[in-house]
2 protein chains.
Amino acid sequence: MQIAVLLFDKLNALDAVGPYEVLRAMPGAGMCFVAADPGPKRTECGALSLVADHALHAVPRPDVVVVPGGSGELDARADGRVIEWLQRAHEASQWTTSVCTGSLLLGAAGLLRGKRATSHWTALDALRELGADAVSDERVVFDGKIVTAAGVSAGIDMALMLATELAGAEVAQAIQLDLEYDPQPPHDTGSTAKAPPALAEQIRAASRFARAT
Amino acid sequence: MQIAVLLFDKLNALDAVGPYEVLRAMPGAGMCFVAADPGPKRTECGALSLVADHALHAVPRPDVVVVPGGSGELDARADGRVIEWLQRAHEASQWTTSVCTGSLLLGAAGLLRGKRATSHWTALDALRELGADAVSDERVVFDGKIVTAAGVSAGIDMALMLATELAGAEVAQAIQLDLEYDPQPPHDTGSTAKAPPALAEQIRAASRFARAT
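Residues numbered from 1 in each chain as written. Chains lettered and ligands numbered in written order. Predicted model: local features only at pLDDT ≥ 70, side-chain atom pairs only at ≥ 80, totals over all residues. Heavy atoms only, no water.

Overall, the coordinates contain four aromatic pairs over all chains when judged by the stated rule. With 5.1 Å between their ring centres and 75° between their planes, A:Tyr20 and A:Phe33 make a pair best called edge-to-face. Of this pair, A:Tyr20 sits in helix α1 (residues 13-23) while A:Phe33 sits in strand β2 (residues 30-35); the two residues are 13 residues apart in sequence, bridging distant segments of the chain. We note that A:Tyr20, like A:Phe33, is buried. Consider the rings of A:Trp95 and A:Phe142, whose centres lie 5.7 Å apart with planes at 85°: the pair is edge-to-face. You can see A:Trp95 sitting in strand β7 (residues 95-99) and its partner A:Phe142 sitting in strand β10 (residues 140-143), a full 47 residues away along the chain. The ring of B:Tyr20 carries B:Arg24 above its face, with NZ or CZ at 5.7 Å from the centroid. (Phe/Tyr/Trp six-rings, centres within 6.5 Å; stacked < 30°, edge-to-face > 60°. Helix = DSSP H or I, 4+ residues; strand = E, 2+ residues; numbered from the N terminus. Buried < 20%, exposed > 50% of the residue type's maximum accessible area, 1.4 Å probe, protein only. Lys NZ or Arg CZ within 6 Å of the ring centre and 35° of its normal.)

If you walk through the whole model with that rule in mind, you get 28 salt bridges over all chains. Put simply, B:Arg77 and B:Glu73 hold a salt bridge, and the shortest N to O gap is 2.3 Å. Taken as a pair, B:Arg77 and B:Glu73 lie in helix α2 (residues 73-77) at a separation of four residues, close to a single helical turn. Its relative accessible area of 23% is what places B:Arg77 among the partly exposed residues. In this structure, a network of salt bridges that share partners links the residues A:Glu21, A:Arg24 and B:Glu44. (Salt bridge = Lys/Arg side-chain N within 4 Å of Asp/Glu carboxyl O.)

Moving on: unusual backbone geometry. For residues that are not glycine, phi is negative in most cases, and the peptide bond is trans in most cases. Residues and elements named next belong to chain A. Phi is positive for Lys10, which is not a glycine, with a value near 60°. Checked against the element boundaries, Lys10 lands in the loop between β1 (2-6) and α1. A residue is classified by how much of its surface remains accessible, and Lys10, at 45% relative accessible area, is partly exposed. Although it is not a glycine, Glu180 adopts a positive phi angle of roughly 45°. Locating Glu180 in the fold gives a position in the loop between α7 (169-178) and α8 (197-206). When its relative accessible area of 11% is taken as the criterion, Glu180 is described as buried.

A few words now on the relation of the copies chain B and chain A. When chain B is brought onto chain A, the operation consists of a screw motion whose angular component is 180° and whose axial shift is 0.0 Å, with 0.0 Å RMSD remaining. Within this description, the copies of the chain are treated as partners about a two-fold rotation axis. Closest to the rotation axis within chain B is the C-alpha of B:Leu50, separated from it by 2.4 Å. A symmetric contact is evident, with 100% of the interface residues of chain B recurring at the interface of chain A. (Least-squares fit on C-alpha atoms with pLDDT ≥ 70 in both. Contact = heavy atoms within 4.5 Å.)

All names here are of chain B. Spatially, β5-β2-β1-β6-β7-β11-β10 is the arrangement adopted by the seven strands of the open sheet, whose pairing is mixed. With one partner strand each, in any of the chains shown, β5 (54-55) and β10 (140-143) form the two edges of the open sheet. Pairing between strand β6 (residues 64-67) and strand β7 (residues 95-99): four bridges, direction parallel. In the sheet register, Val64 faces β7, and the bridge partner there is Trp95. (Pairing = 2+ DSSP bridges.)

What follows concerns the environment of A:Ala117. Residues and elements named next belong to chain A. Note on placement: Ala117 falls in strand β8 (residues 116-117). With relative accessibility at 0%, the residue Ala117 sits in the buried group. Along the chain, Ala117 and Ala174 lie 57 residues apart, while their C-alpha atoms are 28 Å from each other. Beyond its immediate chain neighbours, meaning those up to four positions away, Ala117 contacts Leu112, Leu127, Ala132, Asp133, Ala134, Val135, Val141 and Thr148.

Once that is clear, we can look at the packing of α1(A) against helix α6 (residues 154-167) of chain A. Residues and elements named next belong to chain A. α6 packs onto α1 with a crossing angle of 30° between their chain directions and a minimal axis gap of 8 Å. As summarised for this structure, α1 and α6 are arranged roughly parallel, according to the angle between their axes. For the pair α1 and α6, the crossing hand works out as right-handed. The segment α1 lies against α6, with Gly18, Pro19, Val22 and Leu23 engaging Gly155, Ile156, Met158, Ala159, Leu160, Leu162 and Ala163. (Axes fitted to C-alpha atoms, helices over the stretch in contact; angles between N-to-C directions. Parallel < 35°, antiparallel > 145°, perpendicular 65-115°, else oblique. Left-handed = near helix turned anticlockwise from the far one by under 90°.)

Along the chain, B:Ser119 turns up in the loop between β8 (116-117) and α5 (124-129). Within the local environment of B:Ser119, its side chain forms a polar contact with the side chain of B:Ser103, the two groups lying 3.0 Å apart. Every residue in contact with B:Ser119, bar those within four places of it in the chain, is listed here: A:Glu180, B:Cys100, B:Thr101, B:Ser103, B:Leu104, B:Leu124, B:Leu127, B:Ala149, B:Ala150 and B:Gly151. (Polar contact = N/O pair within 3.5 Å; in protein donor to acceptor, adjacent residues only side chain to side chain.)

Once that is clear, we can look at the interface of chain B and chain A. Tallying the contact residues gives 63 residues for chain B and 63 residues for chain A. In total, about 5,500 Å² of surface goes out of reach between chain B and chain A, with carbon and sulfur atoms giving 59% of it. The three residues of chain B that bury the most area against chain A are B:Leu177, B:Glu180 and B:His187, which together make up 14% of that side's buried surface. Joining chain B to chain A, the criterion identifies six salt bridges. Among the salt bridges present, the one from A:Asp53 reaches B:Arg42, with a minimum N-O distance of 2.7 Å. If you look at where chain B meets chain A, you find 44 residue pairs in polar contact (both at pLDDT 80 or more). Residue assignment for the side of chain B that touches chain A shows that the elements contributing at least two residues are α1 (13-23), β2 (30-35), β3 (39-42), β4 (49-52), α6 (154-167), α7 (169-178) and α8 (197-206) of chain B. Counting residues per element, the side of chain B that touches chain A draws most heavily on α7(B), at eight residues. (Buried area = accessible area lost by both parts, 1.4 Å probe.)

Turning to the sheet that holds strand β3 (residues 39-42) of chain A, a few remarks are in order. Pairing within the open sheet is antiparallel, and its four strands lie in the order β3(A)-β4(A)-β4(B)-β3(B). What marks the edges here is a single partner per strand, and that holds for β3 of chain A together with β3 of chain B. On average, each strand axis in the sheet is tilted by 40° relative to the strand beside it, whichever way the strands run. Across four bridges, the pairing between β3(A) and strand β4 (residues 49-52) of chain A is antiparallel.

Okay, here's the thing in structure tokens:
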């Protein structure tokens with residue numbers, strides 16, 4: 001089973017690495033990291049690079065596509081090679097997935113028209129503008145073979161749900177134990193439903209999706 | 001504030017990237033990735049490399065040290081440059097931290113003698129052999145300025161707790177919301193206290209810490 005994770009400059013590292021760490025542990029999983037131009041891709045703040053070993057054209061038909069988000073998603077959307085690869089890969093894929101604003105890339109490729117999907121909570125309007133039926137209150141959204149996860153850390157939950165579908169509950173449970181994924185967040189502010197509204201407003205105002213009013 | 005994440009071949013990617021994604025979001029945080037020999041470091045299964053931009057000697061006194069684990073931890077332990085750097089960096093650090101089997105590196109550097117510390121649940125005996133007071137039932141353990149996290153995903157919780165100490169609760173709460181860290185694991189098998197014993201036994205038997213009986 002070939003699982004391709006798309007990389008691009010200014011991606012969010014955890015969007016990509018969370019699902020990677022889960023999915024690679026499935027028996028028979030062959031992971032690969034792909035980019036329009038192979039090589040190191042700087043993550044959002046610039047301090048870390050993740051390396052894409054393979055060009056997109058070298059991995060045309062992966063079984064599973066994983067698309068992370070990050071501030072570089074906008075430039076990636078403008079790269080015809082990325083959009084075309086997503087469209088063709090999706091035709092043959094078993095699952096096409098995204099984490100965080102990676103769903104905007106799926107949307108830009110025309111894959112989310114009329115589909116239920118999610119994204120980082122600041123990006124739901126942008127997702128809607130790309131034709132999706134944007135879902136604000138589900139952490140992981142399945143619609144047919146498209147699976148979209150909410151912001152950043154939701155990719156871990158998404159990948160464990162996907163591993164359950166692909167390899168069965170027992171395998172996913174073993175992966176969860178091996179990753180010691182028994183979360184104990186120190187605060188209870190991980191969603192807009194739980195965080196103080198002022199905190200959400202502060203993040204929304206600083207986000208690249210904020211609109212001048 | 002300089003935050004150095006140690007990289008080495010066959011590290012676990014999520015051990016490093018979970019804390020990175022949290023800590024980099026603190027105002028004034030300067031992240032850097034360091035290694036005995038700078039350059040790309042292959043993660044455990046080989047499909048992904050993370051790039052260390054800096055040599056250890058170029059970052060001698062970081063404020064915060066983050067040490068991930070992974071199967072390459074054993075080779076890293078044997079590299080005198082890594083051990084010496086950990087010892088010297090710890091003398092000056094504000095916090096010295098580890099995720100998963102990264103605590104074995106701290107132990108090998110002699111930093112955990114008589115200290116309460118944790119590690120991946122399969123590695124607690126190995127941690128004890130390095131002189132630590134191994135703690136099996138806490139996900140994140142603080143002892144003085146040393147903070148050790150349990151397996152892989154525990155690094156995210158550790159980093160949010162550390163961000164609370166370093167930058168205050170409100171900053172940590174904002175980071176948690178921005179990462180949308182409101183976990184919804186699909187199974188309830190993330191710790192040995194919750195998972196079926198047979199599942200734990202299967203993972204323990206396959207781990208590199210398994211002993212011939």
